[in-house]
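Structural description and commentary
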Amino acid sequence: MITLLYGRPPLAFDPPGDATQTSPLIPGSTALESLADGSVEAAMIYAPPGVLERRYVLAQGLRVLKVGGRLDVMAPKDRGGSRLRKELEGFGLEVGESAKAHHRRCVVVKPDAVMGLDAAIAAGALQKVEGLEAWSQPGVFAWDRIDAGSALLAAHMPELKGAGADLGCGYGALATVVLRAPGVTSLRLVDLDRRAIEAARRNVDDPRATFQWADARTLADSGDLAFVVSNPPFHDGGAEDRRLGQAFSRKAAGMLKTGGVLWLVANRHLPYEAELNAAFKRVRPVADRGGYKLFEAVK
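Residues numbered from 1 in each chain as written. Predicted model: local features only at pLDDT ≥ 70, side-chain atom pairs only at ≥ 80, totals over all residues. Heavy atoms only, no water.

Remarks on the pairing of strand 11 (residues 209-213)
On any regular strand, side chains alternate: one points to one face of the sheet, the next to the other face. As judged from the 5 bridges shared by strand 10 (residues 184-191) and strand 11, these two strands associate in the parallel manner. For Leu-189, the partnering residue across the bridge sits in strand 11 and is Phe-211. In this fold, the crossover linking strand 10 to strand 11 by way of helix 6 (residues 194-203) has right-handed handedness. (Pairing = 2+ DSSP bridges. Helix = DSSP H or I, 4+ residues; strand = E, 2+ residues; numbered from the N terminus. Right-handed = clockwise from strand over helix to strand, strands pointing away.)

Concerning the pairing of strand 9 (residues 162-167)
Among the 6 residues of strand 9, 5 are classified as buried, and the element is accordingly described as predominantly covered. Note that strand 9 and strand 12 (residues 225-230) share 4 bridges and pair parallel. Its bridge partner lying in strand 12, Asp-166 is registered against Val-229. (Buried < 20%, exposed > 50% of the residue type's maximum accessible area, 1.4 Å probe, protein only.)

Considerations on the packing of helix 1 (residues 51-64) against helix 3 (residues 117-124)
Remark: helix 1 packs on helix 3, axes separated minimally by 8 Å, with the N-to-C direction vectors making an angle of 130°. Between helix 1 and helix 3, the angle is such that the two are oblique. Note that helix 1 runs across helix 3; the crossing there is left-handed. Taking contact as the criterion, the partners of Leu-52, Arg-55, Tyr-56, Ala-59, Gln-60, Leu-62 and Arg-63 in helix 1 are, on helix 3, Leu-117, Ala-120, Ile-121, Ala-123 and Gly-124. For the contact of helix 1 with helix 3, the residue count by class is 8 nonpolar, 2 polar and 2 charged. (Axes fitted to C-alpha atoms, helices over the stretch in contact; angles between N-to-C directions. Parallel < 35°, antiparallel > 145°, perpendicular 65-115°, else oblique. Left-handed = near helix turned anticlockwise from the far one by under 90°. Contact = heavy atoms within 4.5 Å. Nonpolar A, V, L, I, M, F, W, Y, C, P; charged D, E, K, R; others polar.)

Things to note about the domain arrangement of the protein chain
Looking at the protein chain, the domain boundaries give domain 1 (3-124) and domain 2 (127-298). Relative to domain 2, the C-alpha centre of domain 1 lies at a distance of 31 Å. Across the boundary between the two partners, domain 1 contributes 18 residues, which contact 14 residues of domain 2. Summed over both partners, the interface of domain 1 with domain 2 comes to about 1,100 Å²; 53% of that surface belongs to carbon and sulfur atoms. (Domains from an automatic or database assignment. Buried area = accessible area lost by both parts, 1.4 Å probe.)

Here's the deal with the sheet that holds strand 15 (residues 256-267)
Adjacent strands of a sheet pair through backbone hydrogen bonds, lying either parallel or antiparallel. In spatial order, the strands read 11-10-9-12-15-17-16; together these 7 strands make up an open sheet with mixed pairing. Lying at the two open borders of the sheet, with one neighbouring strand each, are strand 11 and strand 16 (282-289). Direction aside, the axes of adjacent strands within the sheet are offset by 15° on average. Of the strand pairs in this sheet, strand 15 and strand 17 (residues 292-298) are connected by 7 bridges, and their pairing is antiparallel.

What follows is the structure, given as structure tokens:
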């Protein structure tokens, strides 16, 4: 029996231990898009909060499910759970709904015919975003815009030189600015989100760029880079986690050689100064605008 799992549902929902993981936020997982139509007996989905992303995942799950297969979906009530039943009914399904652990849970059995899958998949797929003129996908950070923090960093960052890394690269907006500098010899783009890496590969057409689907916090402390740029995440599973940016700062220090520089942008309220001062020889506040603060830190 082939069973899929998307995401990490709370243990209260008894997620299957032997299932094939398909979340793009778990490095090494199987891409849901790569699975054949009607090839799966059962699927459990911990639904994402964004509407386009959630409908895309639900549609992909239904696409790969065999007729008569069971789809088990849950989400926190305030992060899409209250909409699950209506969205599934919109695909023409009969839905059983229950509440548990501050979540809504919906179970359906796939009928012979399901409506609207192609439209939901097209709306949530990797696409060239009109006005942005870049490839991106719903669910990727700031997927359809230039993030204000990244824009602040790009506006103040000098021409960099040597080998560097972009930790939490997203769809590659900041990397394209870094690579305008002829002195940059290589740039390693790293992101936890497979979709971001796939988009960045399309957007960053430069032989100096390499791409890595990975959790930046697990990278080796190579100690050989000239620079790191980062607009680190500060949410994990929808909840604010200030430790993420602090961990990115420590990791950048471990990857840089002596004299190497970190350019880091963060939301103004996040307490990263102590971590930066502990990990770097010199830390300089560069800008504070629009709710963001920018630092240059030299190892």
